[in-house]
Structures are given as C-alpha cells and as structure tokens.
Amino acid sequence: GKAKAIIEKPFRDKVFVWALWGYGLYNIVNYYTPSKKDITTTIEKPTFKQKLQDYYTYRVVYRKALKKIKLCVFLLEHDFQLLTKAMSHTAIWMTACYQTEENLFGKMGQFEVEGNDILVGNSSTPSNRHQLIFDSLSDCKLGSSKLVIPLGYGDQEYKKTVVKRGETSFRESFTPILDFMPLDEYVKMLSSCGHVIMAHERQQAFGTLLMMLLAGAKLYLSEKSPFYDWFNDMDVKIYSVESDLAEEITTPLSPEHRASNKVIISDYLSISKRLDALQQVLERAQGFQLSQAK
C-alpha cells in the first residue's frame, strides 16, 4: 500500500526514507534471489494468481517506488547490501534503531533470567531453522531444562513439522508455545530461559535478542547471521550455534559477562544515542530536500 502510494502520487520536493521492517525487505530478497532458502518465510507453494500478484508487486510497484527512495535507514549494512544485490537503486544507507531500553520491555517491566530453560527461535517460520537446532541438541544432556519454542505466528504447516519433530525427539522437555499468552505468563516463561538459541541467517528477532541479553541470558547465534558479527564488534559476549552448543548449553552465562553485556546494550539503547542517530538521519534528509528544491 505505501509503495503504491509513493508511485501514484506526485509528492514533489519530498524525500522518502525507508525505515526497515525486516519482513518487507526479505520478501523482496526472496523474490529476486529464490536460491536463498534460509530467507524464505513460508513453505507454502504460491498459486498462479499469487505469482501474477507477486510479479506486479515486485517487478512493477517496488521497482518504481525504490527509485524514489533517498535514504535506507537499516540497522545493518548487511541488509542494505542484500537490497542492492536484489534491485538497482540510488539510495544511501544510514544506521539507526528506534528502540530504547524503556520501550523494549514496555508493560512487561525489566526482568532477570533465573533458570536453565532454553528459548529456541521466535516464530513458526523456516528461517528459524528449528531442525538444525534440534539436531544439535539431540545428543546434549539437557537434564530438567525445557525447550521453549514460540510458534504463535507464522506458517501453520511448518508449525506442524516442528511440533511433530520436537515431541518425538524431546518428549516432555518439548514446550511449544502455540498461542498468545497473558503478559505475566509470558514474562514468567522468558525469565526461566537462561539460554536463547536463534539460528537465523538473516536479521530477525532483534527486540528479543536485546531483551534477553539485558536480562542476562546466554545467547547463541548462527555465525552466518549478520547479528553475530554486529554483537561481536560491540564486544557483547555471545556464542556460536555451529560451534558452541554442545559444550556451553549446560552452563549459564557467567556473572561477569551478564554484567558487561547489560552495560554495552544499555549504552547502545540510551535515549541520547538513539535520538542522536535519528537526528543525523533527519539532517541528511533535509540536505536532500534542499538540493531538490534548487
């Protein structure tokens, strides 16, 4: 709808800024580079009508709209590069994040993790790579730890495959979250998860990653995830899905790393730094607007 509005109305002397919402970008990337299986958001095959609609959306509407975009405000340069490889454009990239520590937790209130349960993924989509995680954990001694698997939204057919495999492999330890739950129950569930495994190879679950790091959880990311390098560059202590699971999953994050991670993330999410980044975006947009007016 927004893309169509951009191309259907003149909007003279306006500067368009694309503030990334991951789902929108990865739909484009998946359409133009279908070989990237882990970026797929569904396993359902499109109908002929859907194929025609997709052609019009991505080959006509999005192409025309992207030509009018001046700034891509994506958190990660990696995502901007994905867009550049998929479609030609003249936009420039700037990084920014709208989250602060206060609005990240919102009505839940800040909490600390106290438990050895394991949070796996954030939705019932193939990009979570549940199968890989289950295979990696199959030989680990999990003891009384539960595998907490959020599956409240996403692909319903994919959800069935995850539940079937999880129940078969982990039995009573397997704890799928199939529907939305009351806020207090949700917080209680998260508070029990001292380990968080996110095997995405793309930018996904950013809010959950930040929240659980602030809460003191031990985070495992795929080495192929752009967040893996991003957190490492910030000196946040994280672990590798590919290399560290078997050795690290039985021990909690050390108090020293819990404390240092919280300091680093809290500083990044400070209101002053977030406002400064957004101010830079606005100033750059104003510069484009002035140049267009001449």
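For the structure itself, look to the data block above.
Because the structure is predicted, anything quoted here is derived from the model rather than measured.

## A look at the packing of helix α9 (residues 206-214) against helix α12 (residues 255-268)
Part 1 of the reasoning: Closest axis-to-axis distance for the α9/α12 pair is 8 Å, and the angle between their directions is 135 degrees. Viewed along their axes, α9 and α12 adopt a mutual orientation that is oblique. Of α12, the residues touching α9 (which contributes L210, L213 and L214) are N261, K262, I265 and S266.
Part 2 of the reasoning: Tallied by class, the residues present in the contact of α9 with α12 amount to four nonpolar, two polar and one charged.

## With respect to empty space enclosed by the protein
Part 1 of the reasoning: Enumeration over the complete set of coordinates arrives at one cavity of 30 Å³ or more.
Part 2 of the reasoning: The computed volume of the largest cavity comes to approximately 30 Å³.
Part 3 of the reasoning: Lining the largest cavity are R63, K67, M87 and S88.
Part 4 of the reasoning: Of the residues assigned to the lining of the largest cavity, the class counts are one nonpolar, one polar and two charged.

## Comments concerning the packing of α9 against helix α10 (residues 226-233)
To characterise two packed helices, one gives the angle between the axes of the helices and the distance between these axes.
Part 1 of the reasoning: Axis separation between α9 and α10 bottoms out at 13 Å; the angle between their running directions is 35 degrees. Of the two possible hands of crossing, α9 and α10 adopt the one that is right-handed. For the pair α9 and α10, contact is made by F206, L209, L210 and L213 and by F227, W230 and F231, respectively.
Part 2 of the reasoning: A class-by-class count of the residues in the contact of α9 with α10 yields seven nonpolar, no polar and no charged.

Here is what the cut-offs are and how they apply
- Residues numbered from 1 in each chain as written.
- Predicted model: local features only at pLDDT ≥ 70, side-chain atom pairs only at ≥ 80, totals over all residues.
- Heavy atoms only, no water.
- Axes fitted to C-alpha atoms, helices over the stretch in contact; angles between N-to-C directions.
- Helix = DSSP H or I, 4+ residues; strand = E, 2+ residues; numbered from the N terminus.
- Parallel < 35°, antiparallel > 145°, perpendicular 65-115°, else oblique.
- Contact = heavy atoms within 4.5 Å.
- Nonpolar A, V, L, I, M, F, W, Y, C, P; charged D, E, K, R; others polar.
- 1 Å grid on protein atoms, 1.4 Å probe; cavity = no way out; pocket = protein on both sides within 12 Å on 5 of 7 lines; lining within 4 Å.
- Points joined across faces, edges and corners; volume = space filled by probe spheres on them.
- Left-handed = near helix turned anticlockwise from the far one by under 90°.

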